[in-house]
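Given next are the chains, with one letter for each unit.
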Amino acid sequence: GKIASNQYGMHFINSYHIFSENKLLGSGVRSFRHECEKYSKDYLSEVYQYKVVTDLNGCSSHPHNIYFELASETGLIGLILFIILLYFLIIKNLKDCLNNKNLAIAISVLISLVFPLKPTGAVFSTIYASFIFYYIGLVLFYKNNEDKKI
């Protein structure tokens, strides 16, 4: 069966269920803290047949993963726009990293910040997003000024 064994797992499960009820537009920015209350341990065990082996209910201010947060709070529209942004910033600029070490460093840090398999801070309410947007700005700066000596 499905197992929910720690707080992060419960956050992810709750954000998935919030997303599944609000697929297109999400539940609203910074709404996870309120929406997650619907998915108690008992509810998840009864309705979705999860074997919940933690005393924690999975509620928090955010789901601790930027992709789960974007999916549950902004829906497919917000998540897809974010992924498209990352694609154009990272994938389309990888070949230029060979000749531009500053761009390579900025993209490397950006990749580490948006790596999908790690817990993260909230996108909409913590300084974590500031780091992401700072490195997005650096990538754009180094890409647009690659022919100039900086």
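Residues numbered from 1 in each chain as written. Predicted model: local features only at pLDDT ≥ 70, side-chain atom pairs only at ≥ 80, totals over all residues. Heavy atoms only, no water.

1. What about the overall build of the protein?
Scanning the protein from N- to C-terminus turns up six helices and two strands. Ordered by position from the N terminus, the helices and strands of the protein form the series β-α-α-α-β-α-α-α. Residues counted as buried form 41% of the 150 residues belonging to the protein. Once local pairs closer than 6 in sequence are excluded, the contacts in the protein between residues at least 24 apart make up 68%. Here the protein holds 14 positive side-chain charges and 11 negative ones, and the gap between their average locations is 10 Å. (Helix = DSSP H or I, 4+ residues; strand = E, 2+ residues; numbered from the N terminus. Buried < 20%, exposed > 50% of the residue type's maximum accessible area, 1.4 Å probe, protein only. Contact = heavy atoms within 4.5 Å. Lys, Arg positive; Asp, Glu negative; His and termini not counted. Charge placed at Lys NZ, Arg CZ, Asp CG, Glu CD.)

2. Here we look at the confidence of the model for the protein
Considering every residue of the protein, the mean pLDDT works out to 88; 91% of them sit at 70 or more. Predicted confidence in the protein is weakest over strand S1 (residues 2-4), with a mean pLDDT of 62, and strongest over helix H4 (residues 66-90), with 97. (pLDDT = per-residue confidence, 0-100.)

3. Some details on the state of the cysteines
A complete count under the given rule lists one disulfide for this structure. Here Cys36 engages in a disulfide with Cys59; their sulfurs sit 2.2 Å apart. Disulfide Cys36-Cys59: torsion about the S-S bond near 125°, hence right-handed. Residue Cys36 is found in the loop between helix H2 (32-35) and helix H3 (41-47), and its partner Cys59 is found in the loop between strand S2 (50-52) and H4; the two are separated by 23 residues along the sequence. A residue is classified by how much of its surface remains accessible, and Cys59, at 21% relative accessible area, is partly exposed. (Disulfide = S-S within 2.5 Å.)

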